[in-house]
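The primary structure of each chain is shown beneath.
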Amino acid sequence: MEIKYRFIHYNSIFLTMNPFFPFPFPPPQKVTFLYDGKQACRLVFSMLTRIKDLAIKLAPRLIEIRRHIHSHPELSGEEYQTAAFVAGVLSSSGVHVQEGIGKTGVIGELEGTGNDNRLLAIRTDMDALPIQERTNLEYASRQQGIMHACGHDVHTTVGLGTAMILSQVAEELPGKIRFLFQPAEEIAQGANWMVADGAMENVSAVLGIHVFPSIPAGSIGVRYGALTAAADDLEIIIIGESGHGARPHEAIDAIWIAAQVITTLQQAISRTQNPLRPVVLSIGKINGGRAPNVIADHVQLLGTVRSLHPETRASLPEWIEKIIANVCNSYGASYQVNYRQGVPSVQNDYVLTQLLQSSAEEAFSSDRIQVLPEPSLGAEDFSVYLEHAPGSMFRLGVGYKDRSINHPLHHPQFEVDESAIITGVVTMAYSAYKYWAHG
Ligand code: NI
């Protein structure tokens, strides 16, 4: 009777009273068995019900954790307090902890009781941005000029919540789970540091999460294939010959040639790159020149190059250099090109994306799951892990449904609807539980 009472309680009272509870529980199964030779029965709750139950109970604590992390943001590579806090929460949940992985990263491991030797990793990132927060939240950043404006406070909280829940059902996990709390995502270094310290050793699959303000809280987005772009750095140096501004024919004007290089690159993208395989090249910084009446002999251009397809990306350094060479040769300038490969494109694995989608559809109603039609040309170093194991990252909706404006990521007034934390935790924990059965 006690269990039955709990069931009625959740569905009728909790459902309507608790703002963090946007979903119904599946009904328990009635299992009959013999007890002392007599027919008896009991209600058996599914793993999904247990996970939701634990998530609801944890909700106040998770909100508290998220607000604590939000108030105490730390820049990339300096996540000392955040890492210590994460390690403390993991240890008190019975998760085995290793600190100082990838400089300021933390690894937590949870042993399952089964004998499936596939190891599932769950990655969340912990760093904040050099932005002065301009929200009026009572738990706004206490660090001058540093803000969790990309939602990594939410990611860390979801990672912790997932670990707290799964540690309580560990006896039913067929295999082992490794939680990766990564530093320095914003400078695209942390994943490399973690991998260099062995974070991906023996990992069979990896799941990730990123908040998304244009999806309402309570919903998630999954995407098959490319989720984010490869992001490479470009430096171009044009070397001309200085001269009097009144006598251009006696000089080689590096500023004018730099302008030709930029224009030709943008035109060449539209005429020589496959329009179905996007390439974005943006020059964001120009340095050059000495005085208004002196022709510049040296210009430096700095930019970013984004692409989605690995083959396209591989061809870009040579393609860019050829265009620059043609322009410079035409006007007698020399040049240098430094093309540095940054993070690759996140390519979500089909089977693991299906795992996320089906788990979330089972947990919530299917109209809350969006299959995203388009990737983003933003970058995400989750892709570094995908060079070692297949994986999938989903987008967690954090937008307020009743607000006309949800400020974008990296905005000083970026805010999240915290009810999304439970959606994230349930999606991650249930997907993790189902991973070994999903194949
Ligand atoms: Ni981010």
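Draft legend 1. The arrangement of the environment of H210 in detail. Assignment of secondary structure puts H210 in strand β7 (residues 203-216). Spatially, the C-alpha atom of H210 lies 18 Å from that of Q413, the residues being 203 residues apart in sequence. Beyond its immediate sequence surroundings of up to four residues, H210 is in contact with H155, E380, M393, R395 and L396.

Draft legend 2. Examining the sheet that holds strand β3 (residues 96-101) more closely. Strand order in the open sheet made by the 8 strands is β3-β4-β6-β5-β7-β18-β8-β17, with mixed pairing throughout. Among the strands making up the open sheet, the edge pair consists of β3 and β17 (369-371). Sheet twist, expressed as the average angle between the axes of neighbouring strands with direction ignored, equals 25°. Here strand β5 (residues 119-125) pairs with strand β6 (residues 176-182) via 7 bridges, running parallel. Within the sheet, the bridge partner assigned to D125 lies in β6 and is Q182.

Draft legend 3. Representation of the nonpolar core in the model. Core analysis: the biggest nonpolar cluster contains 88 residues, and A55, I122, I165, V425, A429 and A432 have the highest contact counts within it. It is helix α10 (residues 420-438) that provides the largest number of residues to this core, a total of 11 residues. Counting the residues that make up this core, at least three belong to each of domain 2 (49-228 + 345-438) and domain 3 (230-343). In terms of nonpolar packing, the next biggest core, distinct from the first, is built from 22 residues, I252, A258, L265 and A333 among them.

Draft legend 4. Just helix α3 (residues 80-92), in detail. Here α3 is 13 residues long and its end C-alpha atoms lie 18 Å apart, about the 18 Å a rise of 1.5 Å per residue gives. Every buried residue belonging to α3 is among T82, A83, V86, V89 and L90, and all of these are buried. Each buried residue of α3 lies within a common arc of 130° when the element is viewed along its axis, so the set occupies one face. Seen from the buried face of α3, the exposed residues on the opposite side, beyond 90 degrees, are Y80, A84, G88 and S92.

Draft legend 5. Expanded view of the sheet that holds strand β12 (residues 279-288). A sheet is described by the order of its strands in space; here 4 strands give the open sequence β12-β14-β10-β15, paired in antiparallel fashion. The two strands at the open ends of the sheet, each matched to only one other strand, are β12 and β15 (334-343). Each adjacent strand pair in this sheet contributes to an overall mean axis angle of 20°, direction not counted. Direction of pairing for β12 relative to strand β14 (residues 298-307): antiparallel, over a ladder of 9 bridges. Looking at the pairing, G288 lines up with V299 of β14.

Draft legend 6. Representation of unusual backbone geometry in the model. Phi at A188 is positive, roughly 55°, even though this residue is not glycine. Residue placement: A188 occurs in the loop between β6 and α5 (190-196). Residue A188 is classed as partly exposed on the basis of its 18 C-beta neighbours within 10 Å. Phi is positive for H410, which is not a glycine, with a value near 70°.

Thresholds, definitions, all that
Residues numbered from 1 in each chain as written. Predicted model: local features only at pLDDT ≥ 70, side-chain atom pairs only at ≥ 80, totals over all residues. Helix = DSSP H or I, 4+ residues; strand = E, 2+ residues; numbered from the N terminus. Contact = placed C-beta atoms within 7 Å. Pairing = 2+ DSSP bridges. Axes fitted to C-alpha atoms, helices over the stretch in contact; angles between N-to-C directions. Core = buried A, V, L, I, M, F, W, Y, C linked by C-beta atoms within 7 Å. Buried ≥ 20, exposed ≤ 12 C-beta atoms within 10 Å, placed from the backbone. Domains from an automatic or database assignment. Expected span 1.5 Å × (residues − 1). Arc of directions from axis to C-beta.

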